[in-house]
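Structural characterization, general
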Amino acid sequence: MKKTRFTEAQIMGVLRQMEGGVPAAELCREHGMSSATLYKWRAKYGGMDASLISEMKAMAEENRRLKRMFADVSMQNDLLKEALGKK
């Protein structure tokens, strides 16, 4: 997955500028990004502060780890069932 060029603090700064009344086209030109990126950020991070963003990222990482653990346990369970079924 591609890493973002912008940190959470930079994203929050851009969104604050947008809420302050700076036109979207000017923000995009100033920061070198597309308007689609700006609107995706607004949909994803709108109304959040920096602590909520870091908390959301931590939860996403924990969710990813738990999904991986579940997949491993599920695969082991299937292998055991298959091995016991053949005897």
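Anything mentioned here points back to the structure above.
Let me begin by describing the structure that accompanies this report. Nothing here was measured: the structure is a model prediction, and the numbers come from that model.

Criteria and thresholds
- Residues numbered from 1 in each chain as written.
- Predicted model: local features only at pLDDT ≥ 70, side-chain atom pairs only at ≥ 80, totals over all residues.
- Heavy atoms only, no water.
- Axes fitted to C-alpha atoms, helices over the stretch in contact; angles between N-to-C directions.
- Helix = DSSP H or I, 4+ residues; strand = E, 2+ residues; numbered from the N terminus.
- Parallel < 35°, antiparallel > 145°, perpendicular 65-115°, else oblique.
- Contact = heavy atoms within 4.5 Å.
- Nonpolar A, V, L, I, M, F, W, Y, C, P; charged D, E, K, R; others polar.
- Left-handed = near helix turned anticlockwise from the far one by under 90°.
- Phe/Tyr/Trp six-rings, centres within 6.5 Å; stacked < 30°, edge-to-face > 60°.
- Buried < 20%, exposed > 50% of the residue type's maximum accessible area, 1.4 Å probe, protein only.
- Core = buried A, V, L, I, M, F, W, Y, C linked by side-chain atoms within 4.5 Å.
- Salt bridge = Lys/Arg side-chain N within 4 Å of Asp/Glu carboxyl O.

**Concerning the packing of helix H2 (residues 24–31) against helix H3 (residues 35–45)**
For the pair H2 and H3, interaxial distance at closest approach is 9 Å and the crossing angle is 110 degrees. Judged on the interaxial angle alone, H3 and H2 are roughly perpendicular. Contacts from Ala24, Leu27 and Cys28 in H2 reach Ser35, Leu38 and Tyr39 in H3. A class-by-class count of the residues in the contact of H2 with H3 yields five nonpolar, one polar and no charged.

**Quick look at the packing of helix H1 (residues 8–19) against H2**
Running from amino to carboxyl end, H1 crosses H2 at an angle of 150 degrees, the nearest separation of the two axes being 10 Å. The angle between H1 and H2 falls in the class roughly antiparallel. As for the relative orientation of H1 and H2, their crossing is right-handed in sense. Across the interface between the two elements, Val14, Gln17 and Met18 from H1 touch Ala24, Leu27, Glu30 and His31 from H2. Split by residue class, the contact of H1 with H2 holds four nonpolar, two polar and one charged.

**Quick look at the packing of aromatic side chains**
The geometry of an aromatic ring pair is captured by the separation of the ring centres together with the interplanar angle, meaning the angle of the planes. This structure, assessed with the given rule, holds one aromatic pair. Each ring, one from Phe6 and one from Trp41, has its centre 5.1 Å from the other, and the planes form 80 degrees; the classification is edge-to-face. Remark: Trp41 occurs in helix H3 and Phe6 occurs in the segment before H1; sequence separation between them is 35 residues. Relative accessible area serves as the criterion here: at 14%, Phe6 is assigned to the buried category. Residue classification places Trp41 among the buried residues on the basis of a relative accessible area of 8%.

**Quick look at the nonpolar core**
Ranked by size, the top nonpolar core spans 14 residues in total, and within it Ile11, Val14, Leu15, Met33, Leu38, Trp41 and Tyr45 carry the most contacts. Going through the elements one at a time, H1, H2 and H3 are the ones with two or more residues in this core. For this core, the element with the most residues is H1, which contributes five residues. Beyond its immediate stretch of four places on either side in the chain, Tyr45 contacts Ile11, Leu15, Ile53, Met56 and Lys57.

**Digging into the pattern of salt bridges**
Pairing is possible between side chains that carry opposite charge, provided their charged atoms lie close to one another. Scanning the entire structure with this criterion turns up two salt bridges. Note that Glu8 and Lys57 form a salt bridge whose closest N and O atoms lie 3.5 Å from each other. With Glu8 in helix H1 and Lys57 in helix H4 (residues 50–86), this residue pair connects regions lying 49 residues apart in the sequence. Its salt-bridge partner being Glu61, residue Arg64 comes within 2.5 Å of it at the nearest N-O pair. Here Arg64 and its partner Glu61 are both found in helix H4, three residues apart, which amounts to about one turn of the helix. Take Glu61: its relative accessible area is 43%, and that puts it in the partly exposed class.

Such coordinate-based values are descriptive only and should not be taken to indicate function.
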